[in-house]
Amino acid sequence: MAPQISPSILSADFARLADDVALIADAADWVHVDVMDNHFVPNLTLGLPVVEALLKHSALPLDCHLMIEDPDRWAPQYAEAGAGSVTIHAEAAKAPIRTLRAIRAAGARAGLGVNPATPVEGLEDLLGEIDMLLLMTVEPGFGGQKFLDVVLPKIRRARALIKDRDLPVWLQVDGGVSAETIERCAEAGADVFVAGSAVYGADDPAEAVRALRNQAAAAGGGE
Ligand code: DX5
Ligand code: ZN
């Protein structure tokens, strides 16, 4: 699969979300929406009402990343609302198989996310239940943090686990992904790249998206 770029609107202007999503509409593959509840992570962003409003204004599918406690209760509603992808965290879900199946049943791609210190070993049996594995490359909660190189070997191991099983699972990296770090992620086997500050901090966000995708493709991401 060709590398995909999912710009995070956490770094956009929350008072002008529709305008900021339109800026990347012709360049990006997804719009990454960071839902934070101030419990799973120490930050509070937005929830279902904002996602529902954004759906009416986005030509791109929404990639909803739920950094919340009790995703089992809330995640299916994001899928039912029309999100293209809904990712829950392995650390938070109490019934991940039921919730991942509910996301898929509602017509969305099901994602499973893990924090930097959470191993992927032990999640192998869930790979058949998911469409995307999200590896956090910063501690979740804020945009603009420094990429954690320590996660690179886990990206390689996760890619190998997916390949061994010959599953069509996308491997997403999120946090500190930029022109300086995207090649390392792509070489390690990631194929979906979230970028917040690297896109919305650029003078031309659409151009930044294209440049990131080209870099990832040149480095072998998505092969
Ligand atoms: C952090 C979020 C990320 C964040 C990435 O917890 O999950 O999606 O927006 O921002 P950057 O790309 O600036 O690290
Ligand atoms: Zn995110």
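Because the structure is predicted, anything quoted here is derived from the model rather than measured.

A. The site of ligand 1, seen in detail. What surrounds ligand 1 is a group of 20 residues, the closest being G141, D174, G176, G196 and S197. S8 places a side-chain nitrogen or oxygen 2.8 Å from an oxygen atom of ligand 1. Taking G196, its main chain carries an N or O atom lying 2.7 Å from an oxygen atom of ligand 1. In the complex, the protein chains occlude 100% of the 380 Å² of accessible area that ligand 1 would expose alone. Using a 2 Å cut-off from the grid points, one finds that ligand 1 occupies the largest pocket. Breaking the shell around ligand 1 down by element, the ones donating at least two residues are strand 2 (31–36), strand 3 (62–67) and strand 8 (192–195). No other element matches strand 2, which puts three residues into the shell around ligand 1. The residue makeup of the shell around ligand 1, split by class, is eight nonpolar, 10 polar and two charged.

B. Highlighting the packing of aromatic side chains. Inspection of every chain in the model, using the stated rule, returns one aromatic pair. Taking the centre distance of 6.0 Å and the plane angle of 75° together, the rings of W30 and W170 count as edge-to-face. With W30 in the loop between helix 1 (17–23) and strand 2 and W170 in strand 7 (residues 170–174), this pair connects stretches of sequence that are 140 residues apart. Accessibility classification places W30 together with W170 in one group, the buried group. The ring of W170 carries R109 above its face, with NZ or CZ at 3.4 Å from the centroid.

C. Seen up close, the layout of surface pockets. The space that makes up the largest pocket amounts to roughly 210 Å³. Contributing to the lining of the largest pocket are 25 residues, with F142, G143, D174, G175 and G176 lying nearest its centre. Mapped by element, the contributors of at least two residues to the lining of the largest pocket are strand 2, strand 3, strand 8 and helix 7 (197–200). For the lining of the largest pocket, the class distribution of residues is 11 nonpolar, 12 polar and two charged.

D. Highlighting helix 4 (residues 96–105). Three or more residues of helix 4 are buried, namely T99, L100 and I103. Along the axis of helix 4, the buried residues cluster in a sector spanning 100°; they form a single face. Every exposed residue of helix 4 that faces more than 90 degrees away from the buried side is listed here: R98, R101 and A105. Those residues of helix 4 hidden inside the fold are in contact with helix 3 (71–81), strand 4 (85–89) and strand 5 (109–114). At the C-terminal side of helix 4, G107 shows a positive phi close to 100°.

E. Structural view of the sheet that holds strand 1 (residues 4–7). Read from one edge to the other, the open sheet built from eight strands follows the order 1-8-7-6-5-4-3-2, with strand pairing classed as parallel. Here the strands that pair on one side only, and so sit at the sheet edges, are strand 1 and strand 2. Along the sheet, successive strands turn relative to each other by an average axial angle of 25°, direction set aside. Note that strand 3 and strand 4 share three bridges and pair parallel. Bridging from a neighbouring strand, D63 pairs with S85 of strand 4. Running over the sheet, helix 2 (residues 48–55) touches strand 2 and strand 3 and is turned about 175° from strand 3. Packed on one face of the sheet, helix 5 (residues 152–165) meets strand 5, strand 6 (132–136) and strand 7 and runs near 165° to strand 7.

What counts, and where the lines are drawn
- Residues numbered from 1 in each chain as written.
- Chains lettered and ligands numbered in written order.
- Predicted model: local features only at pLDDT ≥ 70, side-chain atom pairs only at ≥ 80, totals over all residues.
- Heavy atoms only, no water.
- Near = heavy atom within 4 Å.
- Polar contact = N/O pair within 3.5 Å; in protein donor to acceptor, adjacent residues only side chain to side chain.
- Areas by Shrake-Rupley, 256 points an atom, 1.4 Å probe, with all protein chains shown as cover.
- 1 Å grid on protein atoms, 1.4 Å probe; cavity = no way out; pocket = protein on both sides within 12 Å on 5 of 7 lines; lining within 4 Å.
- Sits in = over half its atoms within 2 Å of the grid points.
- Helix = DSSP H or I, 4+ residues; strand = E, 2+ residues; numbered from the N terminus.
- Nonpolar A, V, L, I, M, F, W, Y, C, P; charged D, E, K, R; others polar.
- Phe/Tyr/Trp six-rings, centres within 6.5 Å; stacked < 30°, edge-to-face > 60°.
- Buried < 20%, exposed > 50% of the residue type's maximum accessible area, 1.4 Å probe, protein only.
- Lys NZ or Arg CZ within 6 Å of the ring centre and 35° of its normal.
- Points joined across faces, edges and corners; volume = space filled by probe spheres on them.
- Arc of directions from axis to C-beta.
- Contact = heavy atoms within 4.5 Å.
- Pairing = 2+ DSSP bridges.
- Axes fitted to C-alpha atoms, helices over the stretch in contact; angles between N-to-C directions.

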